[in-house]
Amino acid sequence: MAPEDVTALLVAWNKGDRAANSRLMSLVYDDLRRVAGRRLRAERLNHSLAPTALVHETYLRLIDMRRVGWQNRAQFFAIAARLMRRILVDHARAHAAHKRGGHGLKVPLAENVLAVEPRDVALLDLDAALDKLQRFDGRLAELVTLRFFAGLSVEEAADVLGVSKATTKRDWSRARAWLFRELREERTSE
């Protein structure tokens, strides 16, 4: 899929062309499903959300959004990543509440997120750490969301954030180190 095609459809959707919305979704559906599949493979085995359900829930929230100045493919996937994060966190909260105070779902944070060996982290702990990182440095939190939830490369994330690839690489190193320290402290305090 050419980024220009997605951008053109987003602009048309912005201008009220409802048919553009349908064409857009058929164009990006496979990419969204691939992202959702990657995200859900990191969840527990008996997770009740399937990639298709996660994509459909994301789509419903996307079309319900008002006053989004759609600009390009990268921005679209960034917003979709944030929505997927919210959906997964809401699902984890509901699951934890159902289990009466459990810590929720565990997600493996491999070397592409943390600076050391892979380990499992509760999704709700990760969400809380990202909220804390947002208050500390919003761009770093956005970068983690783009890389972890949307599966964007450093180059794609740099495009979404409007910064250079070199800056994004430095930010990625800082974000990983910050998350590692924050999640380690969270685990130690338990």
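Rules of the game
Residues numbered from 1 in each chain as written. Predicted model: local features only at pLDDT ≥ 70, side-chain atom pairs only at ≥ 80, totals over all residues. Heavy atoms only, no water. Helix = DSSP H or I, 4+ residues; strand = E, 2+ residues; numbered from the N terminus. Buried < 20%, exposed > 50% of the residue type's maximum accessible area, 1.4 Å probe, protein only. Contact = heavy atoms within 4.5 Å. Areas by Shrake-Rupley, 256 points an atom, 1.4 Å probe, with all protein chains shown as cover. Core = buried A, V, L, I, M, F, W, Y, C linked by side-chain atoms within 4.5 Å. Salt bridge = Lys/Arg side-chain N within 4 Å of Asp/Glu carboxyl O. Axes fitted to C-alpha atoms, helices over the stretch in contact; angles between N-to-C directions. Parallel < 35°, antiparallel > 145°, perpendicular 65-115°, else oblique. Left-handed = near helix turned anticlockwise from the far one by under 90°. Nonpolar A, V, L, I, M, F, W, Y, C, P; charged D, E, K, R; others polar.

Quick notes on the overall build of the protein
For the protein, the count of helices and strands is eight helices and two strands. The order of α-helices and β-strands along the protein, N terminus first, is α-α-α-α-β-β-α-α-α-α. A buried classification covers 46% of the 190 residues belonging to the protein. For the protein, the share of sequence-separated contacts (at least 6 apart) that also reach a separation of at least 24 residues comes to 61%. Carbon and sulfur atoms form 50% of the exposed surface of the protein, whose accessible area is close to 9900 Å².

A few points about the nonpolar core
Ranked by size, the top nonpolar core spans 52 residues in total, and within it L32 and F76 carry the most contacts. Of all elements in the fold, only α1 (3-14), α2 (18-41), α3 (51-64), α4 (73-98), α5 (123-136), α6 (138-149) and α8 (165-189) reach the threshold of two or more residues within this core. The biggest single contributor to this core is α4, with 12 residues. Apart from residues lying up to four places away in sequence, F76 is in contact with L10, W13, L24, M25, V28, L32, L62 and W70.

Here's the deal with the pattern of salt bridges
One pass over the full model with this rule turns up 15 salt bridges. A salt bridge links R23 to D17; its shortest N-O distance comes to 3.9 Å. The exposure class of D17 is partly exposed, given its relative accessible area of 30%. Between D127 and R93 there is a salt bridge; the shortest N-O distance is 3.1 Å. Highlighted residues: D127 in helix α5 and R93 in helix α4, separated in sequence by 34 residues. Taking relative accessible area as the criterion, D127 reaches 2% and is therefore assigned buried. Within the structure, one salt-bridge network assembled from shared partners comprises R85, R86, R93, D127 and D131.

Some points on the packing of α2 against α3
At a minimum axis distance of 8 Å, the contact between α2 and α3 shows a crossing angle of 135°. Here α2 lies oblique to α3, going by the angle between them. Relative to α3, α2 is oriented so that their crossing is right-handed. Residue-level contacts link N21, M25, Y29, L32, R33, A36, G37 and L40 of α2 to P51, T52, L54, V55, H56, Y59 and I63 of α3. Residues belonging to the contact of α2 with α3 are distributed by class as follows: 10 nonpolar, four polar and one charged.

Keep in mind these values describe shape, not function.
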